[in-house]
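# Geometric and topological summary
Below, each chain spelled out in residue letters.
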Amino acid sequence: MHCPFCNVADSKVIDSRLAAAGSQIRRRRECLSCGERFTTFESYEMVMPRVIKSNTKNEPFDEEKLRRSLMHALQKRPVTQEQIESALSDIQLQIRRLGERDVKSIVIGEIVMKALFALDHVAYVRFASVYQDFQDVEAFRRQIEQMQQHD
């Protein structure tokens, strides 16, 4: 693993722990050259299905796009990076478990909304407002009422 501070390829592992409900390993490392410490996350790689967009175009699943969406919805919310990583892993696992080569973006959106609902209700409403294209305050009110019925 290259050091993010001096870019030397040699580092030693100081501590390893399970993260993201056991689907990742969190490693604390120390650079053998500059002595700086940093954290890495190790996870398995599995092929994700392609995403069918609403305009019927196909595109590869983009984990970074999903991460950015979650981070945007969770901005300034009391959620840890480990909780976010765990949610990302869980969402991807649910998508893989569908067993499909192609998955509609609307299905992925619903999975993300369920994960955000469990994680943080404010983030859930933020994501829903963009995902479901709320046009007025009434749409927010309906979504919050619906959320309170399921809480």
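Here's what I pulled together on the structure shown here. Worth saying up front: this structure is predicted, and the values here are computed from it rather than measured.

## Some points on the overall build of the protein chain
- Along its length, the protein chain carries 5 helices and 6 strands.
- Scanning the protein chain from its N terminus toward the C terminus, one meets helices and strands in the order β-β-β-β-β-α-α-β-α-α-α.
- For 151 residues, the compact-globule estimate of 2.2 N^0.38 gives 15 Å, and the protein chain exceeds it by more than 25% at 19 Å.
- Expressed as a percentage of contacts within the protein chain between residues at least 6 apart in sequence, the contacts between residues at least 24 apart total 43%.
- With an accessible surface of roughly 10,000 Å², the protein chain has 49% of that area assigned to carbon and sulfur atoms.
- Taken together, the 23 basic and 22 acidic charged side chains of the protein chain have centroids lying 1 Å from each other.

## Some words on the pattern of salt bridges
- Using the criterion set out here, one finds 9 salt bridges in the structure.
- Between Lys-65 and Glu-59 there is a salt bridge, with its nearest N and O atoms 3.6 Å apart.
- With its nearest N and O atoms 3.9 Å apart, the salt bridge here joins Arg-142 to Glu-138. Here Glu-138 and Arg-142 lie together in helix α5 (residues 137–150), a separation of 4 residues that amounts to about one turn.
- Here Arg-142 falls in the partly exposed class, since its relative accessible area comes to 46%.

## Some words on the side chain of Gln-24
- Relative to the elements of secondary structure, Gln-24 occurs in strand β2 (residues 24–31).
- Aside from chain neighbours lying at most four places away, what touches Gln-24 is Arg-17, Leu-18, Ala-19, Phe-41, Glu-42, Ser-43, Glu-85 and Ser-89.

## Observations concerning the sheet that holds strand β6 (residues 102–104)
- If you trace the 3 strands from one edge of the open sheet to the other, you get β5-β4-β6, paired in mixed fashion. Each of the sheet's edge strands pairs with one partner strand only, and the pair in question is β5 (58–59) and β6.
- Relative to β6, strand β4 (residues 50–52) runs parallel, the two sharing 3 bridges. Across the sheet, Arg-50 pairs through a bridge with Asp-102, a residue of β6.

## Looking at the packing of helix α3 (residues 105–119) against helix α4 (residues 121–131)
- With their axes 8 Å apart at the nearest point, α3 and α4 run at an angle of 160° to one another. Accordingly, the angle class assigned to the pair α3 and α4 is roughly antiparallel. α4 is crossed by α3, and the crossing has left-handed handedness. Here Ser-105, Ile-106, Gly-109, Glu-110, Val-112, Met-113, Leu-116 and Phe-117 of α3 lie close against α4, whose contacting residues are His-121, Ala-123, Tyr-124, Phe-127, Ala-128 and Tyr-131.

## Notes on the packing of aromatic side chains
- On inspection of all chains with the given rule, the structure shows 1 aromatic pair.
- Consider the rings of Phe-117 and Tyr-124, whose centres lie 5.1 Å apart with planes at 80°: the pair is edge-to-face.
- Under the relative-accessibility criterion, Tyr-124 is labelled buried at 9%.

What counts, and at which threshold
- Residues numbered from 1 in each chain as written.
- Predicted model: local features only at pLDDT ≥ 70, side-chain atom pairs only at ≥ 80, totals over all residues.
- Heavy atoms only, no water.
- Helix = DSSP H or I, 4+ residues; strand = E, 2+ residues; numbered from the N terminus.
- Rg over C-alpha atoms; globule rule 2.2 N^0.38 Å.
- Contact = heavy atoms within 4.5 Å.
- Areas by Shrake-Rupley, 256 points an atom, 1.4 Å probe, with all protein chains shown as cover.
- Lys, Arg positive; Asp, Glu negative; His and termini not counted.
- Charge placed at Lys NZ, Arg CZ, Asp CG, Glu CD.
- Salt bridge = Lys/Arg side-chain N within 4 Å of Asp/Glu carboxyl O.
- Buried < 20%, exposed > 50% of the residue type's maximum accessible area, 1.4 Å probe, protein only.
- Pairing = 2+ DSSP bridges.
- Axes fitted to C-alpha atoms, helices over the stretch in contact; angles between N-to-C directions.
- Parallel < 35°, antiparallel > 145°, perpendicular 65-115°, else oblique.
- Left-handed = near helix turned anticlockwise from the far one by under 90°.
- Phe/Tyr/Trp six-rings, centres within 6.5 Å; stacked < 30°, edge-to-face > 60°.

Keep in mind that these numbers describe shape and distance, not what the molecule does.
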